[in-house]
Amino acid sequence: MTVDFIARETKDSSEYLWLWHFTPPAGLKPSMLSVGQLPSATSLPSEYEVFACDHLPETRFCPGMGRHFTNLSEQISRGQYSRQPSTVGNFGVIYGEAAGKLIFIEYVLNQEDLLSSVSWSAAIPLYGIPIPPIDNVHILHFGTNESTSGRYTVHMYFIPEETYLAWETEPPML
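Rules behind the numbers
- Residues numbered from 1 in each chain as written.
- Predicted model: local features only at pLDDT ≥ 70, side-chain atom pairs only at ≥ 80, totals over all residues.
- Heavy atoms only, no water.
- Buried < 20%, exposed > 50% of the residue type's maximum accessible area, 1.4 Å probe, protein only.
- Helix = DSSP H or I, 4+ residues; strand = E, 2+ residues; numbered from the N terminus.
- Pairing = 2+ DSSP bridges.
- Phe/Tyr/Trp six-rings, centres within 6.5 Å; stacked < 30°, edge-to-face > 60°.
- Polar contact = N/O pair within 3.5 Å; in protein donor to acceptor, adjacent residues only side chain to side chain.
- Disulfide = S-S within 2.5 Å.

Caption draft 1: Seen up close, the pairing of strand β5 (residues 94-98). A large share of β5 lies buried, amounting to five of its five residues. Every second residue of β5 is oriented toward a common face, with Ile94, Gly96 and Ala98 on one face and Tyr95 and Glu97 on the other, all of them buried. Bridging between strand β4 (residues 67-70) and β5 involves three bridges; their strand directions are antiparallel. Each bridged residue has a counterpart across the sheet, and for Phe69 the counterpart in β5 is Tyr95. Pairing of β5 with strand β6 (residues 101-110) involves five bridges; the strand directions are antiparallel. Residue Gly96 lies in a different strand from β6, and its bridge partner there is Phe104. A loop of two residues connects β5 with β6, the two strands running antiparallel in sequence, and Ala99 in this loop sits at a positive phi of about 50 degrees.

Caption draft 2: Region of interest: the packing of aromatic side chains. In the structure shown here, the tally under the stated rule is four aromatic pairs. Residues Tyr48 and Tyr95 carry aromatic rings whose centres are separated by 5.6 Å and whose planes lie at 65 degrees to one another, so their mutual orientation is edge-to-face. Note that Tyr48 is positioned in the loop between β2 (15-21) and β3 (49-51) and Tyr95 in strand β5, a separation of 47 residues in sequence. Considered together, Tyr48 and Tyr95 belong to a single accessibility category, that of buried residues. Seen from their ring centres, Phe104 and Tyr157 are 4.9 Å apart, and the 55 degrees between their planes marks the pair as tilted. Taken together, the residues span a long stretch of sequence, with Phe104 in strand β6 and Tyr157 in strand β8 (residues 151-157) at a distance of 53 residues. Tyr157 matches Phe104 in its accessibility class, with the two residues each being buried. Among the aromatic residues, those joined into a ring-pair cluster are Phe104, Tyr157 and Tyr164.

Caption draft 3: Structural detail: the side chain of His138. Looking at the element boundaries, His138 is found in strand β7 (residues 136-142). Within the local environment of His138, its side chain forms a polar contact with the side chain of Glu161, the two groups lying 3.2 Å apart. A polar atom in the side chain of His138 sits 3.0 Å from the side chain of Tyr164.

Caption draft 4: Local environment of the state of the cysteines. On inspection of all chains with the given rule, the structure shows one disulfide. One disulfide in the model links Cys53 with Cys62; its S-S distance is 1.8 Å. Measuring the twist about the S-S bond at about 130 degrees, one finds the Cys53-Cys62 disulfide to be right-handed. Here Cys53 matches Cys62 in class, with each residue buried.

This is the structure we're talking about:
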């Protein structure tokens, strides 16, 4: 695994990005699924809704990421978007989609979680579908320039970052 840190893009930005890349040991082939083998977004239950990227109301497609789905009624009832370490099943999970395929799973955590060395012992859920191998992980920080407090989003992608980082709009097919 390699880890890259990308500081804020502009002086006034309060977002930071850590990139984690997973590579197989020398001599082993990657165990990735081809894009065509990724689970369909239709495998999500009907209570999952698109949220995020409100500034793009027609598509809610986040450039360089994809669409975000979650069970908003669960999240609102808890007053937060997060996956707690004791949580099992799909509660608090955000799923990412592009061109009809599930391309990532996302957990949201706060600074206290990081300071307490949060760990999730339950398997990463995907509604009974075998989880595709994770290719890379992005950890984004949303907070102020002066602080590490705020929230952190952990996107675990099933596809290479050069694929989704190139998206300005919805890709035609995956």
